[in-house]
Amino acid sequence: MHIRTLRYALLSTLLFLGLSESAAADSLSPATYRTLEQVQTAMTDGDWSGADSVLEELIKDLNPGLGLALSYQMQAQIALAQERMTDAEQSLENALALDALPSDQQLNLSSNLAQIYLAGQERREQRTKKAESLLFKAIATAESQATAVPPSTFALLAICLQIQQRYGESIPWLNKAINTQAAQQKLPEENWLVMLASALYQTKSYNKAAQTLGQLTTLKPNNENYWLQRASMYQLLEQPQQQLAVLELAYAGGYLTQESSLIALAQLLIAQGVPERAARLLQQWLADNDKNLTVSDSEATMKLLATAWQLGREDDDAAIVLSQAAIKTNEPQLAFYAMQHAVRRSDCIAAEGFLSQAQELGLDSNKKGDGLLLVGGCAFDNGDKNTARRYFQQALGVAGSAVVAQQWLAYLPE
């Protein structure tokens, strides 16, 4: 956590105990009360140096008790305001050691001190363990005294455990945080759910992880990664229909925006036996994103689109899509694929056109020879010997296909 961020977070949560309430809770002398009130006024005015000087003198004169604990607490606030984290840490430790504040305030200071421990860059492992120990003790003490523990404190303890990669141990504390928040009729914090999903994944509790990610997609539906992670849990569970249902729901809501996400959906649709739907989705996406596509993007998606049309027994559509993609991307290989589709359905005239397109776009010599042989073979199968001979003769001039072309020509009658 960034020091400045931590400073503002702690300053906003570190509680000024009302001095009138403190006086009722313990016998602050009138002189101590007035001095603390003076310090509080100086802090409100931003006179940190003046407030600190008064506190230093007061602390020297006070015996252990509420007044001294309040003084240390205010001293910590001053140090935080000036980004003196080491001094703030020491003052909070001093305040807590006195055990003179009400239990809810002891708990609050423990949480703040734990955050400072976690923010430190040196001796991180040792400081994390200190934060963990402090929070365990503070929570246990608060619960034994029937003091309500804020859900954020449970979550903070879970953070300590996850930093140490003790994911399984963090799960009950995260659930406590989430359930306590729910009891207060509040939505769970997004980062708590993220931590819980991560811990469940690390412990291979994929079904529960999927459920938690379901909460995240409800809470933050525009976060595409949550949908993809939720779908991936069902993939790990070998539940492709559930995986498909998640991605289709995300697509229907308009939450899938990345090409890779749509490709994953299309591949699932193909695998589940509905290639026509995959083709329609891909074709719509390509139309919607036409101006933003790179050559490589278009090629990859067009190939998948052609496969989807072909598996849906729509070879005509597959070849047309590939031919259009070849023109758009200036990629001869796509026109070559279109030619192959045409040959498979014995549409030799279309195959000739696609091969010509591929050659115009710069088809390499090896592919050119293969294409000439395929179109020649198509013509032969259709009984068009003259066209077949013409293509085989052209193939003679290509090194990689000359031998096969010669064999075809020897077989063809004059």
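From a predicted model like this one, the values you see are computed outputs, not experimental measurements.

Caption draft 1: Representation of the overall build of the protein chain. Counting its secondary structure elements, the protein chain contains 23 helices and 0 strands. Here the protein chain holds 414 residues, and 47% of them are scored as buried. By element, 48% of the accessible surface of the protein chain is carried by carbon and sulfur atoms, the whole surface being about 20,700 Å².

Caption draft 2: Spotlight on the state of the cysteines. All chains considered together, the criterion is met by 1 disulfide. Paired through a disulfide, Cys348 and Cys378 show a sulfur-sulfur distance of 2.0 Å. Between Cys348 and Cys378, the S-S torsion sits near -95 degrees, and that sign places the bridge as left-handed. Taken as a pair, Cys348 in helix H20 (residues 348-360) and Cys378 in helix H21 (residues 365-381) lie far apart in primary sequence, 30 residues in all. Neither residue differs from the other here; Cys348 and Cys378 are each classed as buried.

Caption draft 3: The packing of aromatic side chains, seen in detail. Tallying each qualifying case throughout the model produces 7 aromatic pairs. Ring plane angle 15 degrees and centroid distance 4.7 Å describe the contact between Phe392 and Trp408, whose orientation is recorded as stacked. Note that Phe392 is positioned in helix H22 (residues 385-396) and Trp408 in helix H23 (residues 402-411), a separation of 16 residues in sequence. Among the residues examined, Phe392 registers a relative accessible area of 0% and is labelled buried. Three or more aromatic residues joined by ring pairs make a cluster, and in this case those are Phe380, Phe392, Trp408 and Tyr411. Over the face of the ring belonging to Phe380 we find Lys385, whose NZ or CZ atom lies 5.2 Å from the ring centre.

Caption draft 4: Examining the pattern of salt bridges more closely. In the structure shown here, the tally under the stated rule is 11 salt bridges. Ionic pairing is found between Arg127 and Glu89, a salt bridge with its closest N-O pair at 2.8 Å. Taken together, the residues Arg127 in helix H8 (residues 124-144) and Glu89 in helix H6 (residues 85-98) connect sequence positions 38 residues apart. Here Arg127 and Glu89 have matching classes, each one buried. Among the ionic pairs, Arg166 bridges to Glu132, the shortest N-O distance being 2.9 Å.

Caption draft 5: Inspection of the nonpolar core at higher detail. The biggest cluster of nonpolar side chains holds 128 residues, and the ones touching the most others in it are Leu265, Leu305 and Met339. Among the elements that take part in this core, helix H5 (residues 66-81) stands out by supplying 10 residues, more than any other. The residues touching Leu305, leaving out its near neighbours within four places in the chain, are Ala279, Leu282, Gln283, Leu286 and Val321.

Caption draft 6: Representation of the environment of Thr180 within the structure. Following the sequence through the fold, Thr180 ends up in helix H10 (residues 167-183). Measuring from C-alpha to C-alpha, the distance between Thr180 and Phe154 comes to 9.3 Å, with 26 residues separating the pair along the chain.

Caption draft 7: Local environment of H10. A rise of 1.5 Å per residue sets the reference length of H10, with its 17 residues, at 24 Å; its end C-alpha atoms lie 24 Å apart and thus fit the reference within 8%. Turning to H10, its buried residues are Tyr167, Ser170, Ile171, Trp173, Leu174, Ala177, Ile178 and Gln181. Residues of H10 that are buried in the fold lie against H8, helix H9 (151-163) and helix H11 (190-202). Where H10 terminates, the next one or two residues include Gln185, which has phi positive at roughly 60 degrees.

Caption draft 8: Representation of unusual backbone geometry within the structure. A positive phi is found at Gln165, a non-glycine position, where the angle reads about 60 degrees. Looking at the element boundaries, Gln165 is found in the loop between H9 and H10. At Gln185, a residue that is not glycine, the phi angle is positive and equals roughly 60 degrees. Among the secondary structure elements, Gln185 is positioned in the loop between H10 and H11.

Caption draft 9: Examining the environment of Leu219 more closely. Take Leu219: it is sitting in helix H12 (residues 206-219). Once the C-alpha coordinates of Leu219 and Glu189 are considered, the two residues, 30 residues apart in sequence, prove to be 9.2 Å apart.

Caption draft 10: Structural context of the packing of helix H15 (residues 259-271) against helix H16 (residues 275-288). At a minimum axis distance of 7 Å, the contact between H15 and H16 shows a crossing angle of 160 degrees. Here H15 lies roughly antiparallel to H16, going by the angle between them. H16 is crossed by H15, and the crossing has left-handed handedness. Only Pro275, Arg277, Ala278, Leu281, Leu282 and Trp285 of H16 make contact with H15, whose side of the interface consists of Glu259, Leu262, Leu265, Ala266, Leu269 and Ile270. Split by residue class, the contact of H15 with H16 holds 10 nonpolar, no polar and 2 charged.

Caption draft 11: Spatial organisation of the confidence of the model for the protein chain. For the protein chain, per-residue confidence averages 86 on the pLDDT scale, and 90% of positions sit at 70 or higher. Within the model, pLDDT remains below 50 along residues 6-18, and this stretch shows 38 contacts once partners closer than five positions in the same chain are excluded. Within the model, pLDDT remains below 50 along residues 20-26, and this stretch shows 8 contacts once partners closer than five positions in the same chain are excluded.

Parameters and conventions
Residues numbered from 1 in each chain as written. Predicted model: local features only at pLDDT ≥ 70, side-chain atom pairs only at ≥ 80, totals over all residues. Heavy atoms only, no water. Helix = DSSP H or I, 4+ residues; strand = E, 2+ residues; numbered from the N terminus. Buried < 20%, exposed > 50% of the residue type's maximum accessible area, 1.4 Å probe, protein only. Areas by Shrake-Rupley, 256 points an atom, 1.4 Å probe, with all protein chains shown as cover. Disulfide = S-S within 2.5 Å. Phe/Tyr/Trp six-rings, centres within 6.5 Å; stacked < 30°, edge-to-face > 60°. Lys NZ or Arg CZ within 6 Å of the ring centre and 35° of its normal. Salt bridge = Lys/Arg side-chain N within 4 Å of Asp/Glu carboxyl O. Core = buried A, V, L, I, M, F, W, Y, C linked by side-chain atoms within 4.5 Å. Contact = heavy atoms within 4.5 Å. Expected span 1.5 Å × (residues − 1). Axes fitted to C-alpha atoms, helices over the stretch in contact; angles between N-to-C directions. Parallel < 35°, antiparallel > 145°, perpendicular 65-115°, else oblique. Left-handed = near helix turned anticlockwise from the far one by under 90°. Nonpolar A, V, L, I, M, F, W, Y, C, P; charged D, E, K, R; others polar. pLDDT = per-residue confidence, 0-100.

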